[in-house]
Amino acid sequence: MTGCVRQAWPRAIALLVALLVTLAAGPAQAVWYSDDGSLELRGFLDSSSYFRRSMGMTKQRFQGQLEFFKDFRPTTGLFSELSLGGTLRVSYDAVYDINGEYGNNAGSGLTYSAPGNPGFSGVPVATTTPDYAGIFPTTGAVPLPGTGGTISGVNNPNRGLRFAAEELYDYTDGGTVLATPVRPCDDDNRGCINDYMDRDLNELRFREFNDHWDWLRELYLNMTIPTFGGRNELNFRVGRQQVVWGRTDLFRVLDVVNPIDFGRQNIYAEFEDSRIPQGMVNAEYRFGPVAFFEDLNFQVLYKFEEFRPHDLGQGGEPYAILGAGNLFRALKNCWDNGCTVGNFPITGVAVDFPSGSIGIRDADVPDDEDIGARIEGVWKGIGFSFNALYYRSQFPSLRGGIAVNDPFLGLPTGLPAANDPRFYPYNFGFEIEFPRLMMYGASADWYWDWATTSFRIETTFTQDEEFADTSQERLYNDSDVWRFVFGFDRPTFIPFLNKNRAFLISGQVFYQEILDHNKDSFNSIGLDTTQFGRIGFQDWDQNVFLTLLIQGNYMNDRLTPQILGAYDTQAQALVLGPSLEFKPSNNWLFKIMANWKWTDGNPAEDADDNRTANIFPPNTCGPAGGSPICPDDGSFGPWSSLGGRGFEPLGRFKSGPIGTAAKEDELQFIVRYQF
């Protein structure tokens, strides 16, 4: 597949250019219909150019999309409607060929600051194990005795790297420093996670050409069977499709049937473009008016296409929400090849960990089906729905505490030693899982004449979502989560801006609460953690997001200014996205946008980073201030973290999608031809 793509991409670009010229020279129409009106075609070609102050160009995408709908117009037989619909999309992102910050030349060699390393523990241990406090170099990384851990080792050369959070975080608070490989996986496979985050160069250039056939965005068959003399209907939509349950912007509450491609543009792409369509059976029985209801429908979903998680972007992509792709690739590289970790276990120390002792071992991407159901209708002018979905979490869960190699076993010369993986509580070995969830939800929308305003609410209750919890031996825990959103849309005249047309003002308030949130001031053996910080769940127990959209129209709706803002109240992070759209004809669209972020102080929220856990006693008993001195015989067992704090790795989840992108201000330009 990859070889075919590599040979075809110049032809694809030429085809897009030729098609654009042909369409531009053709008659001006927004939609093409066949002579009998049964076939409908529409689509667009566009060019998107994005620029970021810190990195230069981050997107130069050429894209084409074709939507088709064929109505077979049955006049006899079982079906009153039989139709076929679909969407094809292809794109080429030239940023990987234009900007050396991305692609095969991305990254560089790195230097860790580790002046005058003190001893890792300074605790004498049994005579069969070296006293590590006496063998450290005065500069450079502490060489733990296992093999393969240096940043400049044979399997982990010091090239093509960036610090995992360098675009956001300067590490001046002494937080843990990880390096992530940032080149495509065919050029540098370090840290690539099979079947999850393993794109090669052509899969980055041509996002839709992959093993999932994402160029075939939608393809479904619609079938409608009338019942009870045509008073009711049974409708089936079978095939790859999007199912939209929610009505929110930027953040989703109820709309969780399809996963999202955040690598397209973080949270800022339209859901219509960023949802990942999947193959499913979508059956709906339409009762029409019945009893007290003006309308009533019942829907059942069965997703038969293999499970797809959210696409978070992999290490080295311009858009990787929360920087999770950088973190995961850095940790996977640590597991496979060993790695150097800076500011570990305390500020000013860098440690070479051998392979198999820390990091991500694997990702378990299941091949499961999802099922869901919804009742929706209208009662006294109020649209409502009740929803249920049994599905796999589309966000990954890091489950720590897996069997690892003790990095302190071995010879001080670095020669290999017998070291069977064992279970060590609170260790930094992880596996990525996607747990099963049960979501119950409801929504309502109505129009209030007196206020000339439309209102909407959505709420969900989800069972057993997983979160990082540094008080647990496996560093995660589950909790039920309640989410709620209230939104409104109001046409409002602003006379000094436009006397003839109203502006659309739309606002939303999102609320999330982790119902079983756990924070503790004492660790597993009763040591007081307040000197550093509380352990337990590291995400916010409650959080509120606010959004506001103001949109106007001029020149008979051909000129559309807009400003969209969102604020994360806990992370104190704000994003504003002004834009101006101009449509000189039914075919052409020009759009200029900006994306600016602000935070209150340091955008990188700190969190318990588990450095002060005693994982491999007695060697990890110290020397963080306030921790006890282990007995010489090593009889003191493992304990959970004492709450030592930094940004990496868990602070990124507290900083949120806006905070982690605080230094990614952009200017964006789009030119589109619609046909």
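These numbers come from a predicted model, not from an experiment. (Residues numbered from 1 in each chain as written. Predicted model: local features only at pLDDT ≥ 70, side-chain atom pairs only at ≥ 80, totals over all residues. Heavy atoms only, no water.)

Topic: the overall build of the protein
Check the secondary structure of the protein and you find 6 helices and 33 strands. Residues counted as buried form 54% of the 675 residues belonging to the protein. Sequence-distant contacts, at least 24 apart, represent 67% of the contacts inside the protein between residues at least 6 apart. For the protein, the accessible surface area stands at approximately 28900 Å², while carbon and sulfur atoms represent 57% of it. (Helix = DSSP H or I, 4+ residues; strand = E, 2+ residues; numbered from the N terminus. Buried < 20%, exposed > 50% of the residue type's maximum accessible area, 1.4 Å probe, protein only. Contact = heavy atoms within 4.5 Å. Areas by Shrake-Rupley, 256 points an atom, 1.4 Å probe, with all protein chains shown as cover.)

Some thoughts on the packing of aromatic side chains
Summed over all chains, the structure comprises 28 aromatic pairs. Where Trp-448 meets Phe-455, the ring centres are 6.3 Å apart and the plane angle is 45 degrees; that geometry is what we call tilted. The partly exposed category is assigned to Trp-448, whose relative accessible area is 43%. Aromatic pair Trp-588 and Phe-590: ring centres 6.2 Å apart, planes at 15 degrees, arrangement stacked. Judged by relative accessible area, Trp-588 falls into the partly exposed class, the value being 26%. You can call Phe-590 partly exposed: its relative accessible area is 35%. In this structure an aromatic cluster arises from ring pairing among Trp-446, Trp-448, Trp-450, Phe-455 and Phe-486. The ring of Trp-540 carries the charged tip of Lys-654 above its face, separated from the ring centre by 4.4 Å. (Phe/Tyr/Trp six-rings, centres within 6.5 Å; stacked < 30°, edge-to-face > 60°. Lys NZ or Arg CZ within 6 Å of the ring centre and 35° of its normal.)

Some points on unusual backbone geometry
Looking along the chain, the bond that leaves Glu-648 and enters Pro-649 is cis, with omega of 5 degrees. Structurally, Pro-649 is set in the loop between strand E32 (645–646) and helix H6 (651–659). A positive phi angle is found at Leu-322, which is not glycine, with a value near 65 degrees. Residue placement: Leu-322 occurs in the loop between strand E11 (295–303) and helix H5 (324–337). Its identity as a non-glycine residue notwithstanding, Asp-557 has a phi of 70 degrees, on the positive side. Residue placement: Asp-557 occurs in the loop between strand E27 (542–551) and strand E28 (559–568). Residue classification places Asp-557 among the partly exposed positions, given a relative accessible area of 36%.

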